[in-house]
Amino acid sequence: MTEISPQPRIRRRIAAWNILLDARFPQEERVDDIAHTLAEQGDLDLVGLLEVQKTANQQNGEIIAQKLTQTSGVWFPHSRKSSGEHTGVFGADVKKATTIDLGHKKKAVLTELGDVAIVLVHLRRQHKHFPRQPEQIAQVSALIEAVADYEKVIAIGDFNCLPLQMPRTMLRNAGFQSAYAELGEKRPRFPTNEFRDDLSPRQKLGLALVGGAISIDDIYTRGMEHALVSVTTFTGRSDHPGLLLEYDE
């Protein structure tokens, strides 16, 4: 009798990065540096970018995608439409993507790699409601509902709230776990050193009270407990760190 060998598992590497849309730091002047930093992370199956700017002259996400993969990526207008803000994904195996309407002017981007749903997330900041986050709570509820039928999910990006706050507690209650916590790695810290001096005095004071940086960027997974291989963080020309996850499909 001929034995059937098990199919080899596919090793995937994905990244996400909020690349900072701020008129004080023109994004078009940082595009080449951002692309170079991403290229330094090695071969990536998927990259999700937040706060990508589209101007009358260029779409910065498309430029970065072309430099890395010779594809244009899939991009969607996001909350600050007057500034040309977009969010989206690219990669050689990224064939299509759709959006999840989270409400309160925010959308998540949903795509798939094999049997894994990947959601690029950017929740709304809520300074006026600290420590309560009613809009973020509504957004996470919409996110959880949208991926309810998927067995394997990766939610990655900028959650704009702390790990112990209700929106991220909701993710844990829905079966999601931080890949950084699962693999015993330190969570990414915001802001990066290059942009720390550009914070307002009030922001600096707030960060000083919590140790100089906060954890708002993360990678949450569900149904992938035995598939995670490694997770890390990288920095470049943005106030946010980049996120990198390696897993077996």
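So, on to helix α4 (residues 166–173). Turning to α4, its buried residues number three or more, namely P167, R168, T169, M170 and L171. Of the surrounding secondary structure, the elements contacted by the buried residues of α4 are α3 (134–146) and β10 (217–222). One or two steps after α4, the chain reaches G175, where phi turns positive at roughly 100 degrees.

Okay, the sheet that holds strand β11 (residues 228–234) next. For sheets, the rule is that strands pair by backbone hydrogen bonds, running either parallel or antiparallel. Across the sheet, six strands lie side by side as β3-β4-β2-β1-β12-β11; this open sheet has mixed pairing. If you trace the sheet from one side to the other, it starts and ends with β3 (74–77) and β11, each paired once. Taking each pair of neighbouring strands and ignoring which way they run, the sheet shows an average axis angle of 15 degrees. Two strands pair when backbone bridges link them, and β11 and strand β12 (residues 242–248) are joined in this way by six bridges, in the antiparallel orientation. What sits directly across from L228, in β12, is Y247. Where helix α1 (residues 31–40) meets the sheet, its contacts fall on β1 (11–18), β2 (46–53) and β11, and the angle it forms with β1 comes to roughly 155 degrees.

This next bit is on the pattern of salt bridges. For the structure on display, the rule yields 15 salt bridges. The network of salt bridges with shared partners includes R12, D45, D93 and E249.

What follows covers α3. Think of an α-helix as turning once every 3.6 residues; residues three or four places apart then point the same way. A rise of 1.5 Å per residue sets the reference length of α3, with its 13 residues, at 18 Å; its end C-alpha atoms lie 19 Å apart and thus fit the reference within 8%. Among the residues making up α3, those that are buried are E135, Q136, Q139, V140, A142, L143 and I144. Where α3 is buried, its residues meet β5 (98–103), β6 (106–113), β7 (116–122) and α4.

Glancing now at the packing of aromatic side chains. Tallied over the entire structure, the rule returns four aromatic pairs. Here the aromatic rings of W17 and F234 are separated by 5.2 Å at their centres, their planes lie at 80 degrees, and the arrangement is edge-to-face. Taken together, the positions of W17 in strand β1 and F234 in strand β11 put the pair 217 residues apart, joining distant regions of the chain. Each member of the pair, W17 as well as F234, is classed as buried.

Let us look at the side chain of D158. Relative to the helices and strands, D158 resides in strand β8 (residues 152–158). No salt bridge forms around the buried D158; measuring N to O, its nearest opposite-charge neighbour K106 is 7.2 Å away. Every residue in contact with D158, bar those within four places of it in the chain, is listed here: N18, L50, V121, H122, L123, I216, D217 and H240.

Conventions adopted
- Residues numbered from 1 in each chain as written.
- Predicted model: local features only at pLDDT ≥ 70, side-chain atom pairs only at ≥ 80, totals over all residues.
- Heavy atoms only, no water.
- Buried < 20%, exposed > 50% of the residue type's maximum accessible area, 1.4 Å probe, protein only.
- Helix = DSSP H or I, 4+ residues; strand = E, 2+ residues; numbered from the N terminus.
- Contact = heavy atoms within 4.5 Å.
- Pairing = 2+ DSSP bridges.
- Axes fitted to C-alpha atoms, helices over the stretch in contact; angles between N-to-C directions.
- Salt bridge = Lys/Arg side-chain N within 4 Å of Asp/Glu carboxyl O.
- Expected span 1.5 Å × (residues − 1).
- Phe/Tyr/Trp six-rings, centres within 6.5 Å; stacked < 30°, edge-to-face > 60°.
- Lys, Arg positive; Asp, Glu negative; His and termini not counted.

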